[in-house]
Amino acid sequence: MGEEVAAQEFSRADRTRHREKVRRCLDVFARMLREARFDTDDPMTGLEVELNLVDDNGDPALRNAEALAAIADPGFVTELGQFNIEINVPPVKLREGGLSTFEETLRESLNSAEQKSAQVGAHMVMIGILPTLAEGHLSLDSITPNPRYRLLSEQIMSARGEDISIAITGSERLKTTADSIVPEAACTSTQFHVQTSPDQFAQYWNASQAITAIQIAVGANSPYLLGRELWRETRIPLFEQATDTRSEELKAQGVRPRVWFGERWITSVFDLFEENVRFFPALLPITEEEDPLEVLETGGTPELHELRLHNGTIYRWNRPVYDTVEGVPHLRVENRCLGAGPTVADLLANAAFYFGLVRGLAESERPLWSQMSFSAAEENFHAAAEHGIDSQVYWPGVGQVPTSELVLRRLLPMAYEGLAEWGVPTAEADRMLGIIEQRCLTGSNGAEWFVRRMHDRSDLDRYDALRATLEEYRVNMHTNEPVHTWD
């Protein structure tokens, strides 16, 4: 999201040239897949975390430039909103104590960054949506002054041709409009990366799609937006609506949304990139000089700039990633469905659950997706986002079942097996998956805790209650005690 681009305008010729280049990149990518030129020997896993910035009162702090200057760590970068930053954690191998390494690295980095950013009046909070955001924070003035973000906003608004409508009904109702994509900045996420071979990519992506609903149910952490109690994971409908380039007429015609669950199980990573090129016009038609076919035929590794940039403006909840490291290409599934927090321990429990479960399902002899329709997976996804840990989902061989019961009886054992296959030490798996188990037994995750504490403060003004609850949340966050223990 934060890749630097220059401020510019695009002509019709720019768009035509870019479309041709993207299609050439796609052809080269197909040839690379056939010729097996990918790093598959020792898969890595990765982690990115988007954070919110608040002032001493718990209100949004539009100071990411000052905070990043104070932090002075290249691992921290800008995000769309001036009240956001992101940390990119170095990739690791799970069999080498990767989960503990992630936890230690993240805690040390965040503690150091908090100490430095606090000096410029910006404190970090890991939560899916900052609950103290108000309408005034979602104006164009809140966009980070990286030309890429303003360009994206201009292109999305131009494609749409009218203001963006946000309408979400949960315990309460919210209906508002926006003249830019800034509401997207309210959605801060955690991204888990799993490197995989071209031959296994489809299994890992399909498995990720199948379990996204379960991840959201047990990890929901964004119940409030603009002062309203909405879905337990309000990020899902907000992100879907905040970057929608379609008018009502285009929606009625069945045009695909850019925030997309998808519409089918896949048989190859090529399916996803080909869909991206076929269904979606470019938002940023920037064309580089590289001739990918010439690079490939002379023994090099093409960067496929245009294909990657285009892929980065289509927001699948499980995104395919093509990347190169030291001239060697590789593929990753980027799992993007969860918000951050509440604590580093909770975040790594979510990571352990995902990494273990996705491996267990991807390498199962009888694929789950051969037993469940894609539409059922999508229905599970939205049901889990709305109801969180109290949701019910459909699961093959079980039917409709409470998500917590499904996790406790079927999915946690599978996650343990998957982590063992990754080579994760038993004690590490026990500690992290034990957090998931306790959430399901107590019915408590970030969203449930926040809603309960807000109801306890129902006699206060809504925003005063949000500030007080957020401050309590932030204090607990720094203890690194899992959220199910907070009560």
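From a predicted model like this one, the values you see are computed outputs, not experimental measurements.

## Observations concerning the nonpolar core
So, step 1. Membership of the largest hydrophobic core comes to 152 residues, with the highest contact counts inside it found for Phe29, Phe76, Leu99, Leu106, Phe353 and Phe355.
So, step 2. Setting aside anything within four residues of it in sequence, one finds phenylalanine 353 in contact with Ile214, Val218, Val407, Leu411, Leu412, Ala415, Leu433 and Ile436.

## Some details on the environment of phenylalanine 273
So, step 1. As for its placement among the helices and strands, phenylalanine 273 is situated in helix α8 (residues 269-279).
So, step 2. Owing to a relative accessible area of 1%, phenylalanine 273 belongs among the buried residues under this scheme.
So, step 3. If we skip the residues at most four places from it in the chain, phenylalanine 273 touches Leu26, Phe29, Leu307, Asn311, Pro320, Val321 and Tyr322.

## A short note on the state of the cysteines
So, step 1. Taken as a whole and assessed by the stated rule, the structure comprises 0 disulfides.
So, step 2. No disulfide involves cysteine 440; its nearest neighbouring cysteine sulfur is the one of cysteine 337, lying 15 Å away.

## Focus: empty space enclosed by the protein
So, step 1. Per the counting criterion, the structure on display carries 2 cavities of 30 Å³ or more.
So, step 2. Considered as a void within the structure, the largest cavity measures approximately 150 Å³ in volume.
So, step 3. Around the largest cavity, the lining residues are Leu51, Arg107, Leu110, Asn111, Glu114, Met124, Met126, Thr343, Val344, Met477, His478 and Asn480.
So, step 4. Elements supplying a minimum of two residues to the lining of the largest cavity: α3 (98-117) and α16 (462-479).
So, step 5. Ranked by the residues each element gives to the lining of the largest cavity, the list is headed by α3, at 4 residues.
So, step 6. A breakdown of the residues in the lining of the largest cavity according to their chemical character gives 6 nonpolar, 4 polar and 2 charged.
So, step 7. Considered as a void within the structure, the second largest cavity measures approximately 30 Å³ in volume.

## Structural notes on the environment of leucine 460
So, step 1. Turning to its location among the elements, leucine 460 is positioned in the loop between α15 (446-456) and α16.
So, step 2. Distance from leucine 460 to asparagine 52, taken between C-alpha atoms, is 24 Å for residues 408 residues apart in sequence.

## Details of a negative patch on the surface
So, step 1. The grouping of Glu162, Asp163, Asp179 and Glu249 at the surface amounts to a negative patch.
So, step 2. Checked against the element boundaries, aspartate 163 lands in the loop between α4 (147-160) and β5 (164-169).

## Looking at the pattern of salt bridges
So, step 1. The tally for this structure, following the rule as stated, stands at 38 salt bridges.
So, step 2. Here arginine 256 ties to glutamate 263 by a salt bridge, and the two come within 3.0 Å at their closest N and O atoms.
So, step 3. Bridged by salt links that share partners, the residues Arg31, Glu35, Arg37 and Glu297 form one connected network.

## Thoughts on the side chain of glutamate 448
So, step 1. Relative to the helices and strands, glutamate 448 resides in helix α15.
So, step 2. Not counting residues within four places of it along the chain, the set of residues in contact with glutamate 448 comprises Arg232, His387, Ile389, Asp390 and Gly443.

Rules behind the numbers
Residues numbered from 1 in each chain as written. Predicted model: local features only at pLDDT ≥ 70, side-chain atom pairs only at ≥ 80, totals over all residues. Heavy atoms only, no water. Core = buried A, V, L, I, M, F, W, Y, C linked by side-chain atoms within 4.5 Å. Buried < 20%, exposed > 50% of the residue type's maximum accessible area, 1.4 Å probe, protein only. Contact = heavy atoms within 4.5 Å. Helix = DSSP H or I, 4+ residues; strand = E, 2+ residues; numbered from the N terminus. Disulfide = S-S within 2.5 Å. 1 Å grid on protein atoms, 1.4 Å probe; cavity = no way out; pocket = protein on both sides within 12 Å on 5 of 7 lines; lining within 4 Å. Points joined across faces, edges and corners; volume = space filled by probe spheres on them. Nonpolar A, V, L, I, M, F, W, Y, C, P; charged D, E, K, R; others polar. Patch = residues over 30% accessible without salt bridge, like charges linked within 9 Å, V, L, I, M, F, W, Y side chains within 5 Å. Areas by Shrake-Rupley, 256 points an atom, 1.4 Å probe, with all protein chains shown as cover. Salt bridge = Lys/Arg side-chain N within 4 Å of Asp/Glu carboxyl O. Lys, Arg positive; Asp, Glu negative; His and termini not counted. Charge placed at Lys NZ, Arg CZ, Asp CG, Glu CD.

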